[in-house]
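Now for the letters of each chain:
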Amino acid sequence: MKAVMAVCALLMLGGCATGGQSNPPWAAFSGGSCGKLSDDQELSMNLADDMAKEGKLHASLANLQNLPDNLPQVRQRQAKVYRLLGRSEAEPLYRSLLGTCMAAEGEHGLGQLAAARGDNGQAMAHLQRAARMSPTDEKIRNDLGVVYLNQRRLEDARFEFLTAMELKQSDQLAAINLVTLMIYQDNWEQAAQVASRMDLSPEQVTQAQARAQQLKAPVSPTTAPKDQVATVGDVLQAPVK
């Protein structure tokens, strides 16, 4: 069996309706800069982050709801949890970050939502803006690479995956996506080399091969699979950071 590797495709749970109140409480703060958190706020934020990493998304959100909505750091985390829960509150929260010190995170989240809907054009526009704002964020570069891969822009995808890998060498996700690209191109030797160097698991190898085969299948212009973004910072499942 030829060596390969997997797309840890992240949960990109759709949901784009802006629903909710017409004048949200954080609307007046959408142009501010990030304020310094108090020690108690920092503690609550870290607790919410830990719970999200453990998959306790509802508990994470409950802790975030104890914090003031005018802080962009709080809204960014709320948006991420809502996105992972597949709720429509995610999009307006991400949009509220545009024009703040977390504008790159806002564009990134909007790109993830668009990719989950199969709208690669919108996803690319948001992620390109995010990459210009935060060029050293490996999560953004990886996700932009996946959108390029979905569009069969292979050299652009390769560039983004390599950039993400060099920015954070300990993270396997961009390497998984790069190997998927190589398998898609039937470049088995290079795929095996990257898989071996990055110590990818047999499960990752099997999933990557399946992902490459999925890319080779005919794609309807009006539909796209929702498992095409392997994102770094979120709860990882296979398929669909």
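Refer to the structure printed above.
Residues numbered from 1 in each chain as written. Predicted model: local features only at pLDDT ≥ 70, side-chain atom pairs only at ≥ 80, totals over all residues. Heavy atoms only, no water.

Regarding unusual backbone geometry
For D186, which is not a glycine, the phi torsion comes out positive at approximately 60°. Within the secondary structure, D186 is located in the loop between α9 (173-184) and α10 (188-197). The backbone phi angle of D199 is positive, close to 55°, even though this residue is not glycine. Along the polypeptide, D199 turns up in the loop between α10 and α11 (202-216). (Helix = DSSP H or I, 4+ residues; strand = E, 2+ residues; numbered from the N terminus.)

Details of the nonpolar core
One finds L149 and F161 to be the most contacted residues of the largest nonpolar core, which totals 36 residues. Contributing elements (two or more residues each) for this core: α5 (103-116), α6 (120-133), α7 (138-150), α8 (154-167), α9, α10 and α11. Among the elements that line this core, the one with the most residues is α9, at 10 residues. The contacts of F161, once residues within four sequence positions are left out, are N142, G145, V146, L149, A174, N177, L178 and L181. Counting residues in hydrophobic clusters, the runner-up holds 21 residues, among them L64, L84, A90 and L93. (Core = buried A, V, L, I, M, F, W, Y, C linked by side-chain atoms within 4.5 Å. Buried < 20%, exposed > 50% of the residue type's maximum accessible area, 1.4 Å probe, protein only. Contact = heavy atoms within 4.5 Å.)

Quick notes on the packing of α8 against α9
Following both chains from N to C, one finds α8 and α9 inclined at 150°, their axes separated by 8 Å at the closest point. With respect to each other, α8 and α9 are oriented roughly antiparallel. The handedness of the crossing between α8 and α9 comes out as left-handed. Taken together, the residues of α9 that come into contact with α8 (itself represented by L154, A157, R158, F161, L162, A164 and M165) are A174, A175, N177, L178, L181, M182 and Y184. (Axes fitted to C-alpha atoms, helices over the stretch in contact; angles between N-to-C directions. Parallel < 35°, antiparallel > 145°, perpendicular 65-115°, else oblique. Left-handed = near helix turned anticlockwise from the far one by under 90°.)

A word on the packing of α9 against α10
Orientation of α9 relative to α10, taken along the N-to-C sense of each, is 165°, at an axis distance of 8 Å. It follows from the interaxial angle that α9 and α10 lie roughly antiparallel. The chirality of how α9 crosses α10 is left-handed. Mapping the contact onto sequence places A175, V179, M182 and I183 in α9 and W188, Q190, A191, V194 and A195 in α10. Here the residues of the contact of α9 with α10 sort into eight nonpolar, one polar and no charged. (Nonpolar A, V, L, I, M, F, W, Y, C, P; charged D, E, K, R; others polar.)

Regarding α9
Its 12 residues place the ends of α9 17 Å apart at the C-alpha level, agreeing with the 16 Å of an ideal helix rising 1.5 Å per residue. Counting buried positions along α9 gives 12 out of 12 residues, so the element sits mostly inside the fold. Of the residues making up α9, those classed as buried are L173, A174, A175, I176, N177, L178, V179, T180, L181, M182, I183 and Y184. Along its buried surface, α9 packs onto α7, α8, α10 and α11. (Expected span 1.5 Å × (residues − 1).)

Points about α11
Its 15 residues give α11 an end-to-end C-alpha distance of 22 Å, which sits within 8% of 21 Å, the value for a rise of 1.5 Å per residue. Taken as a whole, α11 has its buried residues at Q204, V205, A208, R211, A212 and L215. Considered in projection along α11, the buried side chains sweep an arc of 125° and stay on one side of the axis. More than 90 degrees from the buried face of α11, the exposed residues found are P202, E203 and T206. (Arc of directions from axis to C-beta.)

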